[in-house]
Amino acid sequence: MRSLNVLISGASVAGPALAYWLDRHGFKPTIVERAPALREGGHAVDFRGNAHLSVLRQMGVLDKLEAVQTDITSTWYVNSEGKHQARMPDDLFSGDVEILRGDLARVLYDATKDRTEYIFGDSITSLTEDADGVNVTFERGAPRRFDLVIGADGLHSNTRRLTFGPEENFVKHLGVYCSIFTVGNHLGLDRTGHAYLTPGKLVSMYTANGNAEARAVFYFASPPLDLFRRDVEQQQAVLAKHFAGNGWQSDRLLQEMRHAPDFYFDSVGQVRMDSWTRGRVALVGDAAYCPSSLSGMGSGLALIGAYVLAGELAAAHGDHRVAFGRYEEAMRDYAAGCQKMGDGVASYMVPESRLLSAFLKQYYKVMPYMPGKKMMVAKTRKVAENIALRDYAN
């Protein structure tokens, strides 16, 4: 089997996971990442079920993730005075392992950095394919040639745009925007989170890094906004406009937002594509089949996609034409199931109706005691495990 040189765009979850498996199967991965360094901070993500955990265990990172997991025990909905109103079921949102996205990126980077070339602070500008490879140009670096190019660069994938066309052809806006950033744990929360719901808006805080700090999370309902994705000042102005005077800790968190080292703001969306591969280019993770942050499936789906894509390339002895087809066949139903977990969530998470908001506040009070809660937990696990993973070592 020829040792293919594979360029991966994106160093978050899918990219490093794919690099790990490509290297293990004898390929030579290179990762290019637009950010100048690993992205810190971010929301808590989780892995659940045998499929996720078996891949993490084979990568030798499961124990490392467990050592830095969030250990959040509960999330409470509160009123404007911060008094507890309803406790969300502990096992409804967190899986077997819950970890901050920044910590996950660090663990995956440490597992791959010695055998993968990382290029930070650069981005692909063009891809020109011929019969034998792909010529790649970059914003800063010199042009290079690779056998394959894989886009693992998220919801707003640059690789997808260059290869398949404009983002609007593939990204479905789910009607909400999200912002996350680090703040001080001024409420003294102990491995817990507080959430405050008003019509069309949700503000929450939960502890991080052993209660030493907290994450502030804002969701608000909105049609697509005309915003430049890298204009932080504009994004913060939009967030302040929506939440100023909103009550509870909103104004305090907006003040801390101005000094946050890891401010994140983006639309919440899904990626729907008829094909994830074209020629010598393929997409993996959110770039190909983002289920949205509301699904709770994004990181697990990216992990499984990376495992399958690298494995099929190995099984096909580097023949991308065979491997890419098998990758799509193996992943299509699983990705669709994960995406269904995000459908319709926005209208209940940040309901714009005052009547529905009031109803949900009462519903959350009794939810932990309802038999349907166990069914919801079981369904989430069933979806996460609904793929028969091939053993590519044999």
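What comes next concerns the included structure. The shown structure was predicted, so the numbers you read here are calculated from the model rather than taken from an experiment. Residue numbering note: each chain is counted from 1, following its sequence as written. Local features in a predicted model are, by the rule used here, given only for residues with pLDDT of at least 70; side-chain atom pairs are given and counted only at 80 or more, and totals for whole chains, interfaces and linings are based on all residues. To get the side-chain values, take all heavy atoms of the structure and skip hydrogens and water.

**What about the overall build of the protein chain?**
- A helix here means a DSSP run of H or I that spans at least four residues, while a strand means a run of E at least two residues long, and both kinds are numbered starting from the N terminus. The number of helices and strands found in the protein chain is 14 helices and 18 strands.
- Taking 394 residues into account, the globule formula puts the C-alpha radius of gyration at 21 Å, and the protein chain, at 21 Å, falls close to it.
- The buried share of the protein chain, reckoned over its 394 residues, is 56%.
- Contacts are residue-level and defined by heavy atoms, with any inter-residue pair within 4.5 Å sufficient. Contacts spanning at least 24 positions in sequence make up 71% of the contacts within the protein chain whose residues lie at least 6 apart. What the globule rule says is 2.2 Å times the number of residues to the power 0.38, and the radius of gyration is computed from C-alpha atoms. Only protein chains enter the accessibility calculation, which uses a 1.4 Å probe; a residue is then buried when its area is under 20% of its type maximum, exposed when over 50%, and partly exposed in between.

**Observations concerning the state of the cysteines**
- In what follows, a disulfide is any cysteine sulfur pair within 2.5 Å. Applying the stated criterion across every chain, the model contains zero disulfides.
- Of all cysteine sulfurs in the structure, the one in Cys290 sits closest to Cys178, which takes part in no disulfide; the separation is 12 Å.
- For Cys290, which is in no disulfide, the shortest distance to another cysteine sulfur is to Cys338 and amounts to 11 Å.
- The exposure class of Cys290 is buried, given its relative accessible area of 5%.

**Section: the sheet that holds strand E9 (residues 134-138)**
- Overall, antiparallel pairing links the three strands, which are arranged E8-E9-E10 in an open sheet. Unpaired on one side and paired on the other, strand E8 (124-129) and strand E10 (144-146) mark the two borders of the sheet. Adjacent strand axes in the sheet meet at a mean angle of 30°, parallel and antiparallel pairs treated alike.
- Only strands joined by at least two bridges in the DSSP assignment are considered to pair. Of the strand pairs in this sheet, E9 and E10 are connected by three bridges, and their pairing is antiparallel. The residue bridging Val134 from the neighbouring strand is Phe146, located in E10. Lines fitted to the C-alpha atoms define the axes, with helices restricted to the stretch that makes contact. Angles between their N-to-C directions range from 0 to 180 degrees.

**Some words on helix H5 (residues 101-112)**
- Multiplying one less than the number of residues by 1.5 Å gives the expected span of a helix. The end-to-end C-alpha separation of H5 is 17 Å, in line with the 16 Å expected for twelve residues at 1.5 Å each.
- Three or more residues of H5 are buried, namely Gly102, Leu104, Ala105, Val107, Leu108, Tyr109 and Thr112.

**Considerations on the packing of helix H7 (residues 232-243) against helix H8 (residues 250-257)**
- In the contact formed by H7 and H8, the axes pass within 10 Å of each other and the chain directions differ by 170°. The angle between H7 and H8 falls in the class roughly antiparallel. Side by side, H7 and H8 meet where Gln236, Leu239, Ala240 and Phe243 of the first sit next to Ser250, Asp251, Leu254 and Met257 of the second.
- Amino acid classes used here: Ala, Val, Leu, Ile, Met, Phe, Trp, Tyr, Cys and Pro are nonpolar; Asp, Glu, Lys and Arg are charged; the rest, including Gly, are polar. In terms of residue class, the contact of H7 with H8 is made up of five nonpolar, two polar and one charged. Any angle between 65 and 115 degrees counts as roughly perpendicular, while under 35 counts as roughly parallel, over 145 as roughly antiparallel, and the rest as oblique.

**Thoughts on the pairing of strand E2 (residues 28-33)**
- Buried residues dominate E2, accounting for five of its six residues.
- Where strand E1 (residues 5-9) lies against E2, five bridges are found, and the strand directions are parallel. Residue pairing for E2: Leu7 is matched across the bridge by Thr30.
- One crossover worth recording links E1 to the parallel E2 by way of helix H1 (residues 14-24), and it is right-handed.
- Summarising the sheet, E2 and strand E7 (residues 117-120) pair through four bridges and their orientation is parallel. Bridge pairing in E7 links Ile31 to Tyr118. Place the viewer so that the strands point away; then a crossover is right-handed whenever the path from the first strand over the helix to the second strand goes clockwise.

**Looking at the packing of helix H10 (residues 298-315) against helix H11 (residues 320-340)**
- At their nearest, the axes of H10 and H11 sit 8 Å apart, and the two run at 160° to each other. As the angle between them shows, H10 and H11 are arranged roughly antiparallel. The two elements H10 and H11 cross, and the hand of that crossing is right-handed. Mapping the contact onto sequence places Leu301, Ile304, Gly305, Val308, Leu309, Glu312, Leu313 and Ala315 in H10 and His320, Ala323, Phe324, Arg326, Tyr327, Ala330, Met331, Tyr334, Ala335 and Cys338 in H11.
- A class-by-class count of the residues in the contact of H10 with H11 yields 14 nonpolar, two polar and two charged. What makes a crossing left-handed is the near helix being turned counterclockwise from the far one by less than a right angle; a clockwise turn instead makes it right-handed.

These results come straight from atomic positions and should not be treated as a statement about function.
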